[in-house]
Amino acid sequence: MECEVCGLEITGEPRRVLIDGVVMLVCERCSSMGRKLGEVEHKLTIEPWFDMPELAEDYPKRIRQAREKLGLTQEELAKRLSERVSVVKRLEAGTLVPDEQLVKKIRRVLGIELIE
Ligand SMILES: [Zn+2]
């Protein structure tokens, strides 16, 4: 795989570091530019991407289309997911990355897969 900073092939283990608030996989040389993930205090806000690296890029569209197919409003979907309607709105806007639990609930309620 390639370093996300310098673009060179990473030999050995890629390092996860935080650079300007974004988690990146970088080579050893570039890892000194950011903070190591272990040092980051608010890990929870950035970890979902790493728990599910194969999350479909078009998940907002998949959710909206599946919801409309079932004839559900955002409010009704939120109720079925036991989530607030703002969660559904943010999912469909792509501003909220679903965690594993939410992906499972969406799979159960909408019958769609968000993991590629
Ligand atoms: Zn690099």
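Conventions adopted
Residues numbered from 1 in each chain as written. Predicted model: local features only at pLDDT ≥ 70, side-chain atom pairs only at ≥ 80, totals over all residues. Pairing = 2+ DSSP bridges. Helix = DSSP H or I, 4+ residues; strand = E, 2+ residues; numbered from the N terminus. Buried ≥ 20, exposed ≤ 12 C-beta atoms within 10 Å, placed from the backbone.

**Observations regarding the sheet that holds strand S3 (residues 35-36)**
Consider a sheet: its strands pair through backbone hydrogen bonds, and that pairing is either parallel or antiparallel.
And step 1. The strand order S2-S1-S3 describes an open sheet built from three strands, whose pairing is antiparallel. Two strands close off the open sheet at either side, each with one partner strand: strand S2 (22-26) and S3.
And step 2. Where strand S1 (residues 15-19) and S2 come together, five bridges link them in antiparallel fashion. If you follow Val17 over to S2, its bridge partner there is Met24.

**Considering the environment of Leu25**
And step 1. Locating Leu25 in the fold gives a position in strand S2.
And step 2. With 19 C-beta atoms packed within 10 Å, Leu25 lands in the partly exposed category.
And step 3. Counting along the chain gives 11 residues from Leu25 to Pro14, while the straight-line C-alpha distance between them is 5.8 Å.

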